[in-house]
Amino acid sequence: VQKILRERFCRHCAAGKLFGMEQQYRHLLELLKRTTVHGESNSALVIGPRGSGKTALLNHVLKDLREMEQVRENLLEVHLNGKILFFLSGLLQTNDKVALKEITRQLQLENVVGDKVFGSFAENLAFLLEALRKGDRTSSCPILFVLDEFDLFVHHKNQTLLYNLFDISQSAQTPVTVIGLTCRQDILELLEKRVKSRFSHRQIYLMNSFDFKQYMKIFKKQLSLPAEFPDESFAQKWNNNVQHLSEDRTVQGVLQSLFQHTKELRSLHSLLV
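Residues numbered from 1 in each chain as written. Predicted model: local features only at pLDDT ≥ 70, side-chain atom pairs only at ≥ 80, totals over all residues. Heavy atoms only, no water.

**Quick look at the overall build of the chain**
The following threshold applies: Only DSSP runs of H or I reaching four residues or more are called helices, and only runs of E reaching two or more are called strands; each is numbered from the N terminus. Only protein chains enter the accessibility calculation, which uses a 1.4 Å probe; a residue whose area is less than 20% of its type maximum is buried, one above 50% is exposed, and one in between is partly exposed. The Shrake-Rupley method, run with a 1.4 Å probe, gives the accessible areas here. Residue values count only the displayed protein chains as cover.
Each helix and strand counted, the chain has 15 helices and five strands in total. When burial is assessed residue by residue, the chain has 45% of its 273 residues classed as buried. Summed over all atoms, the accessible surface of the chain reaches about 14900 Å², with 50% contributed by carbon and sulfur.

**A word on helix H2 (residues 22–38)**
This is how it is decided: Helices are assigned an expected span. That span is 1.5 Å times one less than the residue count.
For H2, with 17 residues, the first-to-last C-alpha span of 23 Å sits near the 24 Å given by 1.5 Å per residue. Among all positions of H2, only Gln24, Tyr25, Leu28, Leu29, Leu31, Leu32, Arg34, Thr35 and Thr36 are buried. In the segment just after H2, glycine 39 is the residue with positive phi, at about 70°.

**Points about the packing of helix H14 (residues 249–261) against helix H15 (residues 265–272)**
Packed helix pairs are specified by the crossing angle of their axes together with the interaxial distance, meaning the distance between the axes. Inclusion rule: The convention used is that axes are lines fitted to C-alpha atoms, helices contributing only their stretch in contact, and that angles between N-to-C directions extend from 0 to 180 degrees. For any helix crossing, the convention is left-handed if the near helix is rotated counterclockwise from the far helix by under a right angle, and right-handed if that rotation is clockwise. The contact criterion used is simple: two residues touch if any of their non-hydrogen atoms lie within 4.5 Å. Under the convention adopted here, Pro, Cys and the residues Ala, Val, Leu, Ile, Met, Phe, Trp and Tyr are nonpolar, Asp, Glu, Lys and Arg are charged, and Gly plus all remaining residues are polar.
Where H14 contacts H15, the two axes come as close as 10 Å, and the packing angle between them is 150°. For the pair H14 and H15, the sense of crossing is right-handed. Two secondary-structure elements touch here, H14 through Val254, Leu255 and Leu258 and H15 through Ser267, Leu268 and Leu271. Residues of the contact of H14 with H15, tallied by class, amount to five nonpolar, one polar and no charged.

**Considering the sheet that holds strand E2 (residues 76–81)**
For sheets, the rule is that strands pair by backbone hydrogen bonds, running either parallel or antiparallel. The line we're drawing: A strand pair is defined by DSSP finding two or more bridges across the two strands.
The five strands lie next to each other as E2-E3-E4-E1-E5, forming an open sheet whose pairing is parallel. Two strands close off the open sheet at either side, each with one partner strand: E2 and strand E5 (203–205). For this sheet, the mean inter-axis angle between neighbouring strands, taken without regard to orientation, is 15°. Sitting on the sheet, helix H5 (residues 96–106) touches E2 and strand E3 (143–148), and the angle it makes with E2 is about 150°.

**Thoughts on the confidence of the model for the chain**
Rule in force here: Note on scores: pLDDT gives the predictor's confidence for each residue, bounded by 0 and 100.
Overall, the predicted model of the chain reaches an average pLDDT of 82, with 85% of residues at or above 70. Of all helices and strands in the chain, the one with the weakest mean pLDDT is helix H4 (residues 82–88) (64), whereas helix H13 (residues 232–247) scores best (95). In the model, residues 89–93 has pLDDT below 50 throughout and makes four contacts with residues more than four positions away in sequence or in other chains.

**Topic: the pattern of salt bridges**
Selection rule: In what follows, salt bridge is the name for a side-chain nitrogen of Lys or Arg lying within 4 Å of a carboxyl oxygen of Asp or Glu.
A complete count under the given rule lists ten salt bridges for this structure. As a salt-bridge pair, glutamate 77 and arginine 66 come within 2.9 Å of each other at their nearest N and O atoms. In this pair, glutamate 77 sits in strand E2 while arginine 66 sits in helix H3 (residues 54–66), placing the two residues eleven residues apart along the sequence. For glutamate 77, a relative accessible area of 19% gives the class buried. A residue is classified by how much of its surface remains accessible, and arginine 66, at 41% relative accessible area, is partly exposed. Between glutamate 102 and arginine 105 there is a salt bridge, with the nearest N and O atoms lying 2.6 Å from each other. One end of the pair, glutamate 102, and the other, arginine 105, are both in helix H5, three residues apart, so they sit about a helical turn from each other.

Structure, rendered in structure tokens:
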């Protein structure tokens, strides 16, 4: 029980139904299916305030994608976090060399790159993608780039990383999809002209539009054990206790206060921990 709940609260694992973002879920799932199944390149931004469920939405979509037979073992994922890369670059200058090393590591191409020296960032990235190609566009392994804290990448010199990733996602080479997660509503204004011209302008907005009734459902869902729990009778007893807990007026009062203060699910998770 502790393992299941800790994973849920601390790792933002996809648990059960997504509340208030069904339309966004379908949009993002369809977008990534077109890349993984049909070899179509795309780019999109998931925009919403902190704690609105951007990471949870993406995790949910990726979990369902990995369970599809035609996608399993066919999709390569590269996850870059703007904040982490900023710290890795030594706090002195945020450059794309660190990002390139991280891409190389996650694609497991250190042996391929070796001691090769290239000129520009674009040449480096092109070489990495070429090393992954298995033939034509249809047989090339699709790659998903997830850029968390997307707004921090716009501060990189000349926005080189963004320019090259968006450029590749527009070209008819390796199927690539770039998904950016950001809380900045004005993010498009921060992009350089050449970068903006290569971005597909797909934007998925999350606004935490659920009411208190749905908030209580989320509370119960987060604490409940799944149907596949090994001990069925224990799980049923546990879930009945969760139901009684949700009907307790003191508990409802605490949750009402938190809901009025913030709808952030991270705050709910902290309380539940």
